[in-house]
Amino acid sequence: MRALLLLLSLGICTASYAQSPPPNSPLAAPAPSIAARSFLLLDYRSQQTLAGKNENERVEPASLTKLMTAYLTFQALKQKVIQPGQAVPVSERASKAEGSRMFIEPRKPVTVEELMRGMIVQSGNDACIALAELISGGEDAFAQAMNAQAQKLGMKNTNFMNSTGLSNPQHYSTARDLALLAIAIIRDFPEYHPLYAMKEYRYNNITQANRNRLLWSDPTVDGMKTGFTENAGYCLITSARRGERRLLSVVLGTASDTARATESQKLLNYGFQYYDSVKLYEKSQTIASLQVWKGAANTVKAGFLDDLYVSLPKGQADKVKASLESRQPLLAPVSAGQNIGVMKLTLDGKPYAELPVVALEDVALAGILGRGWDSIRLLFK
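Because the structure is a prediction, the values reported are computed rather than measured. (Residues numbered from 1 in each chain as written. Predicted model: local features only at pLDDT ≥ 70, side-chain atom pairs only at ≥ 80, totals over all residues. Heavy atoms only, no water.)

Asks: Summarise the packing of aromatic side chains; cite the residues concerned and give the values.
Replies: Inspection of the entire model under this criterion finds 7 aromatic pairs. On the basis of an interplanar angle of 10 degrees and a centroid distance of 4.6 Å, the ring pair of phenylalanine 74 and tyrosine 192 is categorised as stacked. Here phenylalanine 74, found in helix α1 (residues 66-78), pairs with tyrosine 192, found in the loop between α6 (175-188) and β5 (200-203); they are 118 residues apart in sequence, far enough to count as distant. Exposure class is identical for phenylalanine 74 and tyrosine 192. Each is buried. Judged by centre distance (6.0 Å) and plane angle (75 degrees), the rings of tyrosine 270 and tyrosine 275 are edge-to-face. Relative accessible area serves as the criterion here: at 4%, tyrosine 270 is assigned to the buried category. (Phe/Tyr/Trp six-rings, centres within 6.5 Å; stacked < 30°, edge-to-face > 60°. Helix = DSSP H or I, 4+ residues; strand = E, 2+ residues; numbered from the N terminus. Buried < 20%, exposed > 50% of the residue type's maximum accessible area, 1.4 Å probe, protein only.)

Asks: Describe the confidence of the model for the protein, with residues and values.
Replies: Overall, the prediction assigns the protein a mean pLDDT of 91, with 93% of residues at 70 or greater. For residues 10-24, every residue scores under 50 in pLDDT, and the model assigns this stretch 37 contacts once sequence neighbours within four places are set aside. (pLDDT = per-residue confidence, 0-100. Contact = heavy atoms within 4.5 Å.)

Asks: Would you mind going over helix α8 (residues 257-274) in detail, with residue names and values included?
Replies: Between its terminal C-alpha atoms α8 stretches 27 Å, which fits the 26 Å expected from 18 residues at 1.5 Å a residue. Turning to α8, its buried residues are Ala259, Arg260, Ala261, Glu263, Ser264, Gln265, Leu267, Leu268, Tyr270, Gly271 and Phe272. (Expected span 1.5 Å × (residues − 1).)

Asks: Hey, could you go over the pairing of strand β6 (residues 206-209) for me, with residue numbers and the actual values?
Replies: Note that β5 and β6 share 4 bridges and pair antiparallel. Within β6, the position partnered with glutamate 200 by the bridge is alanine 209. (Pairing = 2+ DSSP bridges.)

Asks: Let's hear about the pattern of salt bridges: which residues, and what values?
Replies: All told, the structure shown has 15 salt bridges when counted by the stated rule. Here glutamate 57 makes a salt bridge to arginine 37, at a shortest N to O gap of 2.6 Å. Of this pair, glutamate 57 sits in the loop between β4 (49-53) and α1 while arginine 37 sits in the loop between β2 (8-13) and β3 (38-43), and the two are 20 residues apart along the sequence. For lysine 266, the salt bridge identified is with glutamate 263, shortest N-O distance 3.2 Å. Pair noted here: lysine 266 and glutamate 263 are both in helix α8, with a separation of 3 residues, about one helical turn. Look at glutamate 263 and you get buried, because its relative accessible area is 8%. Each of Arg213, Asp257 and Arg260 takes part in one network of salt bridges that share partners. (Salt bridge = Lys/Arg side-chain N within 4 Å of Asp/Glu carboxyl O.)

Asks: Can you lay out a nonpolar patch on the surface for me, pointing to particular residues and giving the numbers?
Replies: A contiguous nonpolar surface patch, about 550 Å² in accessible area, is contributed by Trp373, Ile376, Leu379 and Phe380. Here tryptophan 373 shows up in helix α9 (residues 368-379). On the accessibility criterion, tryptophan 373 (54% relative accessible area) is exposed. (Patch = residues over 30% accessible without salt bridge, like charges linked within 9 Å, V, L, I, M, F, W, Y side chains within 5 Å. Areas by Shrake-Rupley, 256 points an atom, 1.4 Å probe, with all protein chains shown as cover.)

Asks: I'd like a description of the pairing of strand β8 (residues 233-242), backed by residues and values.
Replies: Here β8 lies mainly inside the structure; 7 of its 10 residues are buried. For strand β7 (residues 221-229) and β8, the ladder comprises 8 bridges, and the chain directions are antiparallel. Bridge assignment links glycine 223 to a residue of β8, and that residue is serine 239. Where β7 folds back onto β8 in an antiparallel hairpin, the turn is made up of 3 residues.

Next comes the structure, spelled out in structure tokens:
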């Protein structure tokens, strides 16, 4: 990771704008050929796309679905709706779940903590159903909660019908949406992310290994989830950290268990070898003071609410230039966190990324005289 000092040029923007991910830069080495239906490689901090194909194509997510089941479980634990050591009743439906199981039994006590490990390490469908019934009273209600959370996370092309990932024509997601979900788990529940690095788990005198082969072959890999159905093919979401950098790969629809690991490793190696993570600005650092009209103050401090990182081809940081365009006229009141501009980055003279800039402070309305004076000034501007 490197720090980079940028000189800003200022401009005026009267149109609306949105954040856009950078294209694969011609200054970077070409991405490797990946034998998968769709794939995506993201930098965790910048959430920029380093490589991808068909990443917005709807596919069957198989057991990658369990990431959302886990997210809602972690959320329920954080909100103290459930407790790690809480005994969970096992229904006949849960104990007889199709597909992969951790082998829970109706008359044998099992805890939330055990179910979590069975869901994450053993990919137990029985564990997922038991957790869904505990949290929402039934799997149908739980699926509704899954979809509500998906919308909150920005998963625009996702619909869940169950907690397990068993095939259903209306159960679908995309590589990009699943990447957003994986990032959210690491970001929102870092205390539970280490569960995804567990290589095996034993329950009911049965030891089952984690199906993520990269946990054995690459020591920098620390998760996250495998999936397979006949329709979905072999799928894998992988998180890896080398030094201070973390990358996330999503590989969907490969031909075999071996292929999903091999293709994921190719993506991770490419991202770490050919890209740098560069810190542009500190959290709440003032990058400019922008003019405000009809406000109690004439200017507002602009910047970013979090540390701003961008991913750049290695050795190209000195070729980045930034310009800040403000939305004008910017009228009071202005609230902290409000989008008030866009930072445009170019790399070697070519457009690379657009990043929303926000107000770092509130600016209240001016009094009647101040507003009137600015109204007259705006007539001649």
